[in-house]
Amino acid sequence: MDKRLDAPAQAASLTPADIRSILVGVMLAMFLAALDQTIVATALPTIGSELRDVTHLSWIVTIYLLSATAVTPLYGKLADIHGRRVVLLSGIVVFVIGSIACALAPSLWLLVLARFVQGLGGGGLIAMGQTIVADMVPPKERGRYQVYFASVFMSSSLLGPVLGGVLAERLHWSVIFWINLPLGLVAYWMTNSALKRLPRHERPHKLDVLGAMLMTLGTVSLLLALSWGGTAYPWRSLPIAALVGASLLLWGLFAWRLRTASEPLIPLDLLGNRVVRRGTVAAGFGMGTFIGLTIYLPLYFETVMGMSASQSGLGLLPLTCGTVIGATSSGRAMSHFVHYKRAPMIGLFIAMAGTAVLAASSGRLPLLPFCVILAIVSVGFGTLLPVATVSIQNAVNPHQLGTATAVANFFRQIGGALIVAIFGAIVLGGVGGPAAQLSPEALKLGTVDRETMVTLFRYVFGAASLGFACALASLARMEQLPLRGRAVEAAQAIGGE
């Protein structure tokens, strides 16, 4: 019997209690990875002071991003080979070991090395969580479960910065890593037994080690160029040019490897799948634009509106909370409407229009209407999240779910890095210096001109509007396959007999 027909039947054998148990454990594992991307930022000054090195503090954040992004596709491939349970549990173990090493690090560079290990574990937790839910729930019902993932990211975005600052100030900076130990143990305990009841879709495969190395090195080179360009080195400097050139060469070799390997790291039929390709591009532009706004909006609040750092954090709430509302509405609508693309297309159009309004009125809108528009933009963007993820998963065979989900998450992260770099080039290039110059104190001293910042953010908001427009264009071209709910529908939707 065709394995594509077995999967829904196996998933149907899970009881609601099984699904709840697996979901809670998976959400906790995802929360570990999401929280660690936000909790460290506010503790950085304390860490730099105690370890007596403030010059290289940015590496604590950068190295985690590098390792976590680079290994995401590997987790997906390994999950399709060895099964979701063993890969997710391995990720949790590596993450916890890295967290312990971070907490015990006696110097900054040992902390950076430990963060690299931590990223190796955390890189696959989010993609694995989405894949496991895809194993449990048919696509027709899967959209509403994406809401839980959105809530994980929102809670980590809200809780992380506050918790990191409080723990570093009141206790010790190492506590922000020690808390991962009990959280990781609970996540391991909850998922270990529950995932034994998960449907099995793995098939015997070979891991293309050479392809994995080429892709990883190409990714690291690109992310280093994007992280250092305009900050550590000028964009036109030799180090940045060398990194970009190395990345292009490595990605070219990776493309050659995909065509020549007997079993490439990313299957060619997956790359040729128009739903996967266009859904990934749409999500990459949308998520990248959203991440860019969350990073640079605090500078707008501080330098244009004269708010403090803590007030600017509160100003981000409309942007971070609205995504959950948008994801909830479109995720639930997917279960009831045949034309499930309409909601995110309308939402992205609204997000595009909202950021265009911010661009046209940069520096002139009072705080309240500005935050209202941010909330509208956030809700509009949020409608894309469940539709993009479920559409991609719906278009592939069950034994390719891990690879497809991880690849989609990988390119979302790359898209985020690219768009953040574009926003950074606009802002930092416009003021002709590092981000340290962009503070309320510098504004008061006259070293940063408010009108210059107003003009620069007019371009930033304009670029954000263009980013949402690109996401909308790609989503509009994505084929709208019927969402599978039963075994027969599963085979028909992906071309089975």
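My aim in this report is to walk through the structure given alongside it, one point at a time. Each chain has its residues counted from 1, following the order in which its sequence is written. Since the coordinates come from a predicted model, pLDDT governs what is reported: local features require at least 70, and pairs of side-chain atoms require 80 or more to be given and counted, while whole-chain, interface and lining totals use all residues. Side-chain metrics in this entry use all non-hydrogen atoms of the structure; hydrogen atoms and water are not considered.

## Details of the overall build of the protein chain
By the criteria applied, helices consist of DSSP H or I runs no shorter than four residues and strands consist of E runs no shorter than two, each listed in order from the N terminus. For the protein chain, the count of helices and strands is 24 helices and zero strands. Per-residue burial over the protein chain gives 56% buried out of 497 residues. Two residues form a contact once any of their heavy atoms are found within 4.5 Å. Taking the contacts inside the protein chain whose residues are at least 6 apart along the sequence as the reference set, 84% of them involve residues at least 24 apart. Accessible surface for the protein chain amounts to roughly 20400 Å². Of this, 68% is attributable to carbon and sulfur atoms. Whether a residue is buried, partly exposed or exposed follows from its accessible area with a 1.4 Å probe, protein chains only, as a fraction of its type maximum: under 20%, in between, or over 50%, in that order. Surface accessibility in these figures is a Shrake-Rupley result with a 1.4 Å probe; residues are shielded only by whichever protein chains are displayed.

## Structural notes on helix 6 (residues 108–122)
Helices are assigned an expected span. That span is 1.5 Å times one less than the residue count. In this model helix 6 runs 20 Å from its N-terminal to its C-terminal C-alpha over 15 residues, within 8% of the 21 Å that 1.5 Å per residue would give. For helix 6, the full list of buried residues reads Leu 108, Leu 111, Val 112, Ala 114, Arg 115, Gln 118, Gly 119, Gly 121 and Gly 122. For helix 6, the angular spread of the buried residues around the axis is 165°, confining them to a single face. Directions from the helix axis toward the C-beta atoms define the arc.

## Quick look at the environment of Phe 423
Summarising the element assignment, Phe 423 is placed in helix 21 (residues 401–431). When its relative accessible area of 1% is taken as the criterion, Phe 423 is described as buried. Residues Phe 423 and Leu 456 lie 33 residues apart in sequence; the distance between their C-alpha atoms is 9.5 Å. Beyond its immediate stretch of four places on either side in the chain, Phe 423 contacts Thr 289, Gly 292, Leu 293, Tyr 296, Val 460, Ala 463 and Ala 464.

## Points about the packing of aromatic side chains
Any two of the Phe, Tyr and Trp rings considered here, Trp counted by its six-membered ring, make a pair once their centres fall within 6.5 Å; the pair's planes then place it as stacked at under 30 degrees, edge-to-face at over 60, or tilted in between. Across all of its chains, the model carries 13 aromatic pairs by this definition. Ring geometry for Tyr 300 versus Phe 457: centroids 5.2 Å apart, planes at 70°, classification edge-to-face. Taken as a pair, Tyr 300 in helix 15 (residues 274–303) and Phe 457 in helix 23 (residues 450–477) lie far apart in primary sequence, 157 residues in all. Exposure class is identical for Tyr 300 and Phe 457. Each is buried. Arranged with centres 5.0 Å apart and planes meeting at 75°, the rings of Phe 410 and Phe 411 form a pair that is edge-to-face. For Phe 411, a relative accessible area of 32% puts it in the partly exposed group.

## Let's talk about the packing of helix 19 (residues 367–382) against helix 20 (residues 384–394)
Between the N-to-C directions of two axes lies an angle of 0 to 180 degrees, each axis being a line fitted to C-alpha atoms and, for a helix, fitted only over the stretch in contact. Here helix 19 crosses helix 20 at 15°, and the two axes come no closer than 5 Å. Here helix 20 runs roughly parallel to helix 19, going by the angle between their axes. For the pair helix 19 and helix 20, contact is made by Gly 380, Phe 381 and Gly 382 and by Leu 384, Leu 385 and Pro 386, respectively. Residues are grouped as follows: Ala, Val, Leu, Ile, Met, Phe, Trp, Tyr, Cys and Pro are nonpolar; Asp, Glu, Lys and Arg are charged; every other residue, Gly included, is polar. Residues that form the contact of helix 19 with helix 20 fall into these classes: four nonpolar, two polar and no charged. Note on angle classes: values under 35 degrees are labelled roughly parallel, values over 145 roughly antiparallel, values of 65 to 115 roughly perpendicular, and the remainder oblique.

Geometry only, nothing functional implied.
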